Amino acid sequence: MTELGIVAVGGYNEMGRNMTAIRVDDKIIIIDMGLRLDRVQIHEDVEIDKMHSLELIEMGAIPDDTIMKEIDGNVCVIVCTHGHLDHIGAISKLAHRYAAPIIGTPYTSALIQHQIDSERKFGVKNRIISVKAGGTYQVSDDVSIEMIRTQHSIIDAVFVAVHTPRGAILYACDFKLDRTPTLGEPPAFDRLRELGKEGVVAMIAESTNTPRAGKTPSERIAHDMVRDVLLGTEESNVGMIVTTFASHIARLNSIMQFATEMKRTPILLGRSMDRYVNTARELGYIELPKKTEIYGNRKDIDKAFRKIMEKGKDKYLPIVTGHQGEPGAILSRVANGDTAYKIESGDKVIFSANTIPTPMTQANRYALETKLKMKGARLYDNVHVSGHAYREDHWELIRLVNPENVIPAHGNIDMHSAYIEMAEDAGYELGHTLHLLRNGEELYIED
């Protein structure tokens with residue numbers, strides 16, 4: 001009889017530093033190796049390339065994978081679901097400990113390569129294998145990995161199905177069931193339905209937004225919200241700045257389109273903007289408007305701001321990092337008066353992002369907004385829809401896949417509690433078919 005175990009390495013006590021190990025007899029599949037951003041007080045434009053893994057583990061910034069020494073078996077492969085730092089940010093610190101290839105979709109693989117290339121402390125020699133959504137990777141004669149297309153706030157995201165002799169284990173972190181995305185295709189509902197019929201032994205699902213009732217709005221809604229704010233105003237000649245997640249390629253694509261409609265030149269500013277957007281362009285996921293400008297390093301960014309002020313703020317739409325109020329990020333520098341770009345009364349600052357609900361982030365964001373208001377800026381907050389499934393999306397996925405066991409992940413205890421209540425409504429029993437795991441624990445899936 002095949003032994004199945006699920007090891008909660010990271011991300012089960014908190015949001016971030018996601019890492020799960022699935023054991024099939026003596027074969028181990030690691031899924032995700034993420035970073036917890038708030039623990040190192042960093043933002044998208046700060047690098048941790050010179051920090052040691054043990055230092056980061058002590059800070060609670062990356063998964064404490066020392067538990068893997070106690071797990072019988074060999075790590076055969078490291079699989080990454082998508083390119084967000086809370087899922088790939090620890091690869092450059094931990095992957096070298098395992099003699100295993102790293103697999104991800106093409107965009108995710110490219111971002112992983114960037115992480116490894118910028119690493120200064122460890123030499124990561126793991127082979128990176130690109131597997132498209134819908135593709136499979138054979139681990140052994142009786143174990144394989146399937147990449148199943150989903151939607152999220154970054155392109156090329158997937159569910160991971162680990163196929164074993166006893167059925168599949170489905171890893172669903174992170175996702176939204178968006179049937180009308182603005183970039184890419186909807187989730188592979190037909191394949192998920194088939195998988196449910198074939199047999200899913202266990203499903204590990206994010207719990208981030210399960211406290212929120214209803215269904216996550218489509219990215220199409222955010223597209224229309226951004227359009228309404230940018231184009232739906234009579235004050236079209238004032239300065240405008242948009243800030244959003246540098247990794248949210250679909251959102252950035254919409255903003256750049258609207259800039260062109262407004263007859264403004266879109267200027268993307270920030271090292272992470274440069275990395276994420278140019279990688280998406282090089283791989284053919286998006287086509288940039290002809291006049292688009294992208295600047296990644298500090299000198300070029302400062303030069304671009306000077307040009308905007310000289311030629312007129314009404315001719316450009318700066319798209320910048322710093323929506324969480326991170327110290328040193330571009331929008332914070334603008335608010336502090338540390339750039340040539342001067343906020344004047346009536347200028348619009350559009351936050352096409354939510355505030356991440358941690359005390360530090362909320363404090364930083366409050367300080368940022370206060371400084372912008374003091375300079376006369378008009379703020380448009382939360383012009384955004386989430387990339388994470390709400391409660392009814394989770395209900396739908398459970399009914400679609402019909403797993404024998406469910407395990408909430410990627411969240412704190414409040415989020416897990418909301419997931420547990422939803423799963424109990426769906427007929428699962430806590431301690432029997434519904435399992436609460438904490439970091440460092442292994443769950444044995446009994447036949």
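Given the structure is predicted, the values throughout are model-derived calculations rather than measurements.

J.: Now, about the pattern of salt bridges: what can you tell me, with residues and values included?
T.: Tallying each qualifying case throughout the model produces 22 salt bridges. The residue Glu146 makes a salt bridge to Arg191 at a minimum N-O spacing of 2.6 Å. Of this pair, Glu146 sits in strand S8 (residues 144-149) while Arg191 is found in helix H5 (residues 189-198), placing the two residues 45 residues apart along the sequence. Each member of the pair, Glu146 together with Arg191, is buried.

J.: Please give an account of the packing of helix H12 (residues 391-401) against helix H13 (residues 413-425) that cites residues and values.
T.: In contact at an axis separation of 10 Å, H12 and H13 are set at 45° when each is read in the N-to-C sense. It follows from the interaxial angle that H12 and H13 lie oblique. By crossing handedness, the relation of H12 to H13 is classed as right-handed. Note on element contacts: H13 touches H12 through Tyr419, Met422, Ala423 and Asp425, opposite Arg391, His394, Trp395 and Ile398.

J.: Explain the side chain of Arg166 to me, using residue names and the numbers behind them.
T.: When you line up the elements, Arg166 lands in the loop between strand S9 (158-164) and strand S10 (167-172). A distance of 3.2 Å separates a polar side-chain atom of Arg166 from the backbone oxygen of Glu446. Those residues in contact with Arg166 that sit more than four places away from it in its chain are Met1, Thr2, Glu3, Leu4, Val201, Ile445, Glu446 and Asp447.

J.: How would you summarise the sheet that holds strand S7 (residues 136-138) if you had to cite specific residues and measurements?
T.: Read across the open sheet, the 6 strands follow the order S7-S8-S9-S10-S11-S18; overall the sheet is mixed. At either end of the open sheet lies a strand with only one pairing partner, and these are S7 and strand S18 (405-409). Put simply, the sheet's adjacent strands are angled 15° from each other on average, direction ignored. Bridge analysis of S7 against S8 gives 3 bridges, and the strand direction is antiparallel.

J.: Describe the layout of surface pockets, naming the residues involved and giving the relevant values.
T.: Reported here for the largest pocket is a volume of approximately 1300 Å³. Met15, Phe245, Asn354, Ile356 and Pro357 are the residues nearest the centre of the largest pocket, which is lined by 49 residues in total. Top contributing element to the lining of the largest pocket by residue count: helix H11 (residues 359-374), with 4 residues. Of the voids in this model, the second largest pocket is the one considered here, and its volume is about 480 Å³. Forming the boundary of the second largest pocket are 27 residues, of which Ile155, Asp156, Gly184, Glu185 and Tyr285 lie nearest the centre. A per-class count over the lining of the second largest pocket returns 11 nonpolar, 9 polar and 7 charged.

J.: An account of a nonpolar patch on the surface is needed here, citing residue identities and associated values.
T.: On the surface, Ile413, Leu430 and Leu436 cluster together into a nonpolar patch covering about 230 Å² of accessible area. Residue position: Ile413 is located in helix H13.

Definitions and limits used
Residue positions are given per chain, counted from 1 along the sequence in the order it is written. Where totals are concerned, whole chains, interfaces and linings use all residues; where local detail is concerned, this predicted model gives features only for residues with pLDDT of at least 70, and gives and counts side-chain atom pairs only at 80 or more. Processing note: side-chain calculations cover all non-hydrogen atoms of the structure and skip hydrogens and water entirely. Between Lys or Arg on one side and Asp or Glu on the other, a salt bridge is scored when a side-chain nitrogen of the former is within 4 Å of a carboxyl oxygen of the latter. We count a stretch as a helix when DSSP gives it H or I for four or more residues in a row; a strand needs E for two or more, and each element gets its number in order from the N terminus. Exposure classes here rest on a 1.4 Å probe applied to the protein chains alone. A residue is buried below 20% of its type maximum, exposed above 50%, and partly exposed in between. Interaxial angles span 0 to 180 degrees and are taken between N-to-C directions of axes, which are lines fitted to C-alpha atoms, for helices over the stretch in contact. Geometric relationships in this document are graded by angle, where less than 35 degrees denotes roughly parallel, more than 145 denotes roughly antiparallel, 65 to 115 denotes roughly perpendicular, and other angles denote oblique. Should the near helix be turned anticlockwise from the far one by less than a right angle, the crossing is termed left-handed; should it be turned clockwise, right-handed. Contacts are assigned to residue pairs with any non-hydrogen atoms lying within 4.5 Å of each other. For the purposes of these results, a polar contact is taken to be a pair of N or O atoms within 3.5 Å, where, inside protein, one atom must be able to donate a hydrogen and its partner to accept one; residues adjacent in sequence count only when each atom of the pair is a side-chain atom. Only strands that DSSP links by at least two bridges are regarded as paired with each other. With a 1 Å grid laid over protein atoms only, a set of points is called a cavity when a 1.4 Å probe fits there but cannot get out and a pocket when it is open yet has protein on both sides within 12 Å along at least five of seven lines; lining residues have an atom within 4 Å of a point. Grid points are joined across faces, edges and corners, and a volume is the space filled by probe spheres set on the points. In this classification, Asp, Glu, Lys and Arg are treated as charged, Ala, Val, Leu, Ile, Met, Phe, Trp, Tyr, Cys and Pro as nonpolar, and every other residue, Gly included, as polar. To count toward a patch, a residue needs a relative accessible area above 30% and no salt bridge. Like charges then connect within 9 Å, nonpolar side chains (Val, Leu, Ile, Met, Phe, Trp, Tyr) within 5 Å. Only the protein chains shown count as cover for residues, with accessible areas throughout obtained via the Shrake-Rupley method and a probe of 1.4 Å.

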